[in-house]
Number of protein chains: 2
Amino acid sequence: MRGVVMHAPGDVRVEQRADPRIEAPTDAVIRVVAACVCGSDLWPWRGIQEVHEAPMGHEYVGVVEEVGAEVRDIRVGDFVVGSFFASDNTCEICRAGYQSRCVHAEPMGAIGTQAEYARVPWADGTLVAVPGQPPADLIPSLLTASDVLGTGWFGAVAAEAGPGKTVAVVGDGAVGLHAVLAARQLGAERIIAVSRHEARQKLALDYGATDIVTERGDAGVAKVRELTGGLGAHSVVEAVGTQESMMQAIRSARPGGHVGYVGVAHGVELPGLELFFSGVHLHGGPAPVRRFLPELIDLIWRRRIDPGKVFDLELPLDQAAEGYRAMDERRATKVLLRP
Amino acid sequence: MRGVVMHAPGDVRVEQRADPRIEAPTDAVIRVVAACVCGSDLWPWRGIQEVHEAPMGHEYVGVVEEVGAEVRDIRVGDFVVGSFFASDNTCEICRAGYQSRCVHAEPMGAIGTQAEYARVPWADGTLVAVPGQPPADLIPSLLTASDVLGTGWFGAVAAEAGPGKTVAVVGDGAVGLHAVLAARQLGAERIIAVSRHEARQKLALDYGATDIVTERGDAGVAKVRELTGGLGAHSVVEAVGTQESMMQAIRSARPGGHVGYVGVAHGVELPGLELFFSGVHLHGGPAPVRRFLPELIDLIWRRRIDPGKVFDLELPLDQAAEGYRAMDERRATKVLLRP
């Protein structure tokens, strides 16, 4: 089959890879209908994370081609969405809602879903079948549920967004935009999106943002405080993963407020004493997308949300490298790849 | 009046200080019946925190001598317990339960309660009157509610200790021991106390610990994992405030678990990427003791808990310096001072 391999920073190729097959009786093999490029794929692309001939991609929707002998719930022909971490969904950690840290967790990124086919471990735990074969226009939205929507949603849940709350979202990538969408769905009263990009501001407003802050760092903090009677936001979602964005998020929250952080925190060091006196709740990490999949699929299927709007570039799989470049240069918010 | 002043690290003197008086109409002046030396008082004593001729002490119980014109609920003659932060208890932050970060918060440590008398700002918000004049044997327990019990309690609440939970407590000072007591009162199923000191282990068991771990650092983490089926504790209270204890606490918690940290985090830097992948909830800071005071006073008054047992040395105020030395040298867990 054809699949994306990153040979080195900036060197993404689509080449022949071995066809996946059932390796464990709990596996499934899916034909990938759509995949995408993630903001986190840019870390190795930019050389911030080491990479050497790695298969790429961890977001996917597809049709089940084959299942192992112990797969009970997922069937050949199902149209499925799965999380970027495979999980058994039965262990104590999964049952507590932290499937991305399942005792059997396997990162789909190591398998590589920017490809024609993919093996999915723990198929019954990892995959959720949608109610039928989806109309074409729902496929981008279903694809977002695999990571970027699920991650933004987790950020908003971790930040305890809800009725009566003012929620600030730091980061206007697809995850940040979906955190805005999630905060709105969770009933937040006021949603402050931090963004300097006009097109993204527009989408944030479309997804339910009530205020836009264009300042970054401490100037952004001051603006959020100004909008919240000097106190800071009840809830802040951090969706970037840099030192500046983490500190902006923590400082934008009021004492006792909640910071949900979902940006992969590369090179971040949190000063203990400042964190202590901030009095915030801090929660985040790799989103347990599987926890939210049934609800997100339902919202998409009933067309109550339209998260697929974050895709502003669609390319055939063979042009994956152009997708990476477009996201790296911020010409695209999110790139969809069609095998 | 007589009061404790720290002139420099290791130099604590009891000397004549100005008698406190009502400065704002919301103030009260109390006659201090008992005060104590806090673990955090040792930071300046050891030169880790700058100090120069500072009045000392922020824990106190006493009898109200005088109230300002706008004080409504607290009356002259009341026996009162107050938090180590004065707070109005009416602002939005206070109503959310974060009185130590009240918009009008004033640290009692800047006033100094290791003294014969003390001015208490925001008397109606800060002080809680006990149901009558307490019997002498309840005074040490009531005094703990002012900080060390309230702080351990907050640590356990921040760690979401409760029924069905395994709670690990890192730190066997008075705060850690009270966190054990709190976890028990909150219904935790299993309580692992990390302690290498026999007398403190004994008190921890007495307060409800079910297991003792004597190892520190990563060896302590391994032991907690071993006791929890490899997963880590649901809840961990950090009650020390060093890099080692913070990392031990975070690593002892399972993914999705809760770390409540109440040790003042001096010089601590949290690695963002490790924190991200830990998937824990992190919450802490200066305890909003005022939130818990009514409940804690009630438990003490009905003799349901005996937190005063942490005091293993009692001295007249004039011998405060010996109290500091005894705690610094770990000859005493907690020192009570009688003006």
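Everything quoted here is computed from the prediction, not taken from an experiment.

1. As for the domain arrangement of chain A
Residues and elements named next belong to chain A. Annotation of chain A at the domain level lists domain 1 (2-147 + 288-338) and domain 2 (151-284). Between the C-alpha centres of domain 1 and domain 2 the distance comes to 26 Å. Listed by partner, the interface residues are 25 residues for domain 1 and 21 residues for domain 2. The contact between domain 1 and domain 2 buries some 1800 Å² in all, and 62% of this surface belongs to carbon and sulfur atoms. At the boundary of domain 1 with domain 2, the tally comes to 2 salt bridges. Among the ionic pairs, Lys309 bridges to Asp206, the shortest N-O distance being 2.1 Å. Per element, the largest residue contribution to the side of domain 1 that touches domain 2 is 6 residues, and it comes from helix H11 (residues 289-301). The class makeup of the residues in the side of domain 1 that touches domain 2 is 13 nonpolar, 4 polar and 8 charged.

2. With respect to the sheet that holds strand E13 (residues 211-213) of chain B
In spatial order, the strands read E13(A)-E12(A)-E11(A)-E14(A)-E15(A)-E17(A)-E17(B)-E15(B)-E14(B)-E11(B)-E12(B)-E13(B); together these 12 strands make up an open sheet with mixed pairing. At either margin of the open sheet sits one strand with a lone partner, and together these are strand E13 (211-213) of chain A together with E13 of chain B. This sheet shows a mean twist of 20° between the axes of neighbouring strands, independent of strand direction. For strand E11 (residues 166-170) of chain A and strand E12 (residues 190-194) of chain A, the ladder comprises 5 bridges, and the chain directions are parallel. Of the residues in E12(A), the one forming a bridge with Ala168(A) is Ile192(A).

3. Observations concerning the packing of aromatic side chains
Within the structure shown, the criterion is met by 10 aromatic pairs over all chains. With centroids separated by 6.4 Å and ring planes inclined at 40°, the aromatic side chains of Phe154(A) and Phe292(A) adopt a geometry described as tilted. Linking Phe154(A) in helix H5 (residues 148-158) with Phe292(A) in helix H11, this pair joins segments that are 138 residues apart in sequence. Its relative accessible area of 1% is what places Phe154(A) among the buried residues. Summarising the aromatic geometry, the rings of Phe84(B) and Phe85(B) are spaced 5.6 Å apart at their centres and angled 50° between planes, so their arrangement reads as tilted. Through pairs of rings, three or more aromatic residues link up here, namely Tyr261(A), Phe276(B) and Phe277(B). Its guanidinium or amino end placed over the ring of Tyr98(A), Arg291(A) lies 5.0 Å from that ring's centre, counting from NZ or CZ.

4. Thoughts on the environment of Gly232(A)
All names here are of chain A. As for its placement among the helices and strands, Gly232 is situated in the loop between helix H8 (217-227) and strand E14 (233-238). The spatial distance from the C-alpha of Gly232 to the C-alpha of Ala145 is 30 Å, given a sequence separation of 87 residues. With residues up to four places along the chain from it excluded, the contact list for Gly232 reads Arg225, Ser252, Ala253 and Arg254.

5. As for the interface of chain A and chain B
By a widespread convention, an interface's size corresponds to the accessible area lost as its parts come together. Listed per partner, the contact involves 34 residues of chain A and 34 residues of chain B. Here chain A packs against chain B, burying approximately 3000 Å² in sum over the two surfaces, 64% of which is carbon and sulfur. When the buried surface of chain A facing chain B is broken down by residue, Arg101(A), Pro255(A) and Phe276(A) rank first, second and third, together holding 20% of it. Applying the counting rule to chain A against chain B returns 2 salt bridges. Linking Arg254(B) and Glu92(A) is a salt bridge whose minimum nitrogen-to-oxygen distance equals 2.8 Å. Connecting chain A to chain B are 20 residue pairs in polar contact (both at pLDDT 80 or more).

6. A closer look at the side chain of Thr151(B)
Residue and element names in this part refer to chain B. Tracing the backbone through its elements, the reader meets Thr151 in helix H5 (residues 148-158). You can call Thr151 buried: its relative accessible area is 6%. Residue contacts for Thr151: discarding those within four places in its chain leaves Phe84, Val175, Val262, Ala287 and Val289.

7. Some points on the relation of the copies chain A and chain B
Between chain A and chain B, which share one sequence, the superposing operator has a rotation angle of 180° and an axial displacement of 0.0 Å; the RMSD is 0.0 Å. The superposition of one copy onto the other is thereby described by a two-fold rotation axis. The residues that chain A uses at the interface reappear at the interface of chain B in 100% of cases, marking a shared surface.

8. Structural notes on the packing of helix H6 (residues 174-185) of chain A against helix H7 (residues 198-207) of chain A
Residue and element names in this part refer to chain A. Two numbers describe how H6 lies on H7: the axes approach to 8 Å, and their chain directions differ by 15°. By the criterion of interaxial angle, the relationship of H6 to H7 is roughly parallel. Handedness of the crossing formed by H6 with H7: right-handed. Between H6 and H7, the contacting residues are Leu177, His178, Val180, Leu181 and Arg184 on the first element and Arg200, Leu203, Ala204 and Tyr207 on the second. Class assignment for the residues of the contact of H6 with H7 results in 6 nonpolar, 1 polar and 2 charged.

9. Observations concerning the sheet that holds strand E2 (residues 11-16) of chain A
All names here are of chain A. Pairing is antiparallel across the open sheet formed by 3 strands, whose spatial order is E2-E1-E4. With one partner strand each, in any of the chains shown, E2 and strand E4 (54-55) form the two edges of the open sheet. With respect to the sheet, helix H12 (residues 320-328) is in contact with strand E1 (2-8) and E2, its orientation differing from that of E2 by roughly 160°.

10. Regarding the pattern of salt bridges
Summed over all chains, the structure comprises 42 salt bridges over all chains. A single salt-bridge network, built from bridges that share partners, covers Glu322(A), Arg325(A), Glu329(A) and Arg331(A).

11. Some thoughts on the side chain of Ser87(A)
Within the secondary structure, Ser87(A) is located in the loop between strand E7 (85-86) and helix H2 (92-95). Those residues in contact with Ser87(A) that sit more than four places away from it in its chain are Cys94(A), Gln99(A), Cys102(A), Trp122(A), Gly125(A), Thr126(A) and Arg290(A).

12. Considering the pairing of strand E2 (residues 11-16) of chain B
All names here are of chain B. Bridge analysis of strand E1 (residues 2-8) against E2 gives 6 bridges, and the strand direction is antiparallel. Residue pairing for E2: Gly3 is matched across the bridge by Glu15. Connecting E1 to the antiparallel partner E2 that follows it, the hairpin turn spans 2 residues, and Gly10 within it adopts a positive phi of roughly 75°.

13. A look at H8(A)
All names here are of chain A. Taken together, the buried positions of H8 are Gly217, Gly220, Val221 and Val224. Each buried residue of H8 sits inside an arc of 105° when the element is viewed along its axis, so together they form one side. At its buried positions, H8 is contacted by E11, E12, E13, E14 and helix H9 (243-252). In the stretch just after H8, Gly229 is the one whose phi turns positive, near 60°.

14. What about the pairing of strand E15 (residues 253-261) of chain A?
Residue and element names in this part refer to chain A. Taken across its 9 residues, E15 has 9 buried, putting it largely inside the fold. Direction of pairing for E14 relative to E15: parallel, over a ladder of 5 bridges. In the sheet register, Glu238 faces E15, and the bridge partner there is Tyr261. One crossover worth recording links E14 to the parallel E15 by way of H9, and it is right-handed.

Conventions adopted
- Residues numbered from 1 in each chain as written.
- Chains lettered and ligands numbered in written order.
- Predicted model: local features only at pLDDT ≥ 70, side-chain atom pairs only at ≥ 80, totals over all residues.
- Heavy atoms only, no water.
- Domains from an automatic or database assignment.
- Contact = heavy atoms within 4.5 Å.
- Buried area = accessible area lost by both parts, 1.4 Å probe.
- Salt bridge = Lys/Arg side-chain N within 4 Å of Asp/Glu carboxyl O.
- Helix = DSSP H or I, 4+ residues; strand = E, 2+ residues; numbered from the N terminus.
- Nonpolar A, V, L, I, M, F, W, Y, C, P; charged D, E, K, R; others polar.
- Pairing = 2+ DSSP bridges.
- Axes fitted to C-alpha atoms, helices over the stretch in contact; angles between N-to-C directions.
- Phe/Tyr/Trp six-rings, centres within 6.5 Å; stacked < 30°, edge-to-face > 60°.
- Buried < 20%, exposed > 50% of the residue type's maximum accessible area, 1.4 Å probe, protein only.
- Lys NZ or Arg CZ within 6 Å of the ring centre and 35° of its normal.
- Polar contact = N/O pair within 3.5 Å; in protein donor to acceptor, adjacent residues only side chain to side chain.
- Least-squares fit on C-alpha atoms with pLDDT ≥ 70 in both.
- Parallel < 35°, antiparallel > 145°, perpendicular 65-115°, else oblique.
- Left-handed = near helix turned anticlockwise from the far one by under 90°.
- Arc of directions from axis to C-beta.
- Right-handed = clockwise from strand over helix to strand, strands pointing away.

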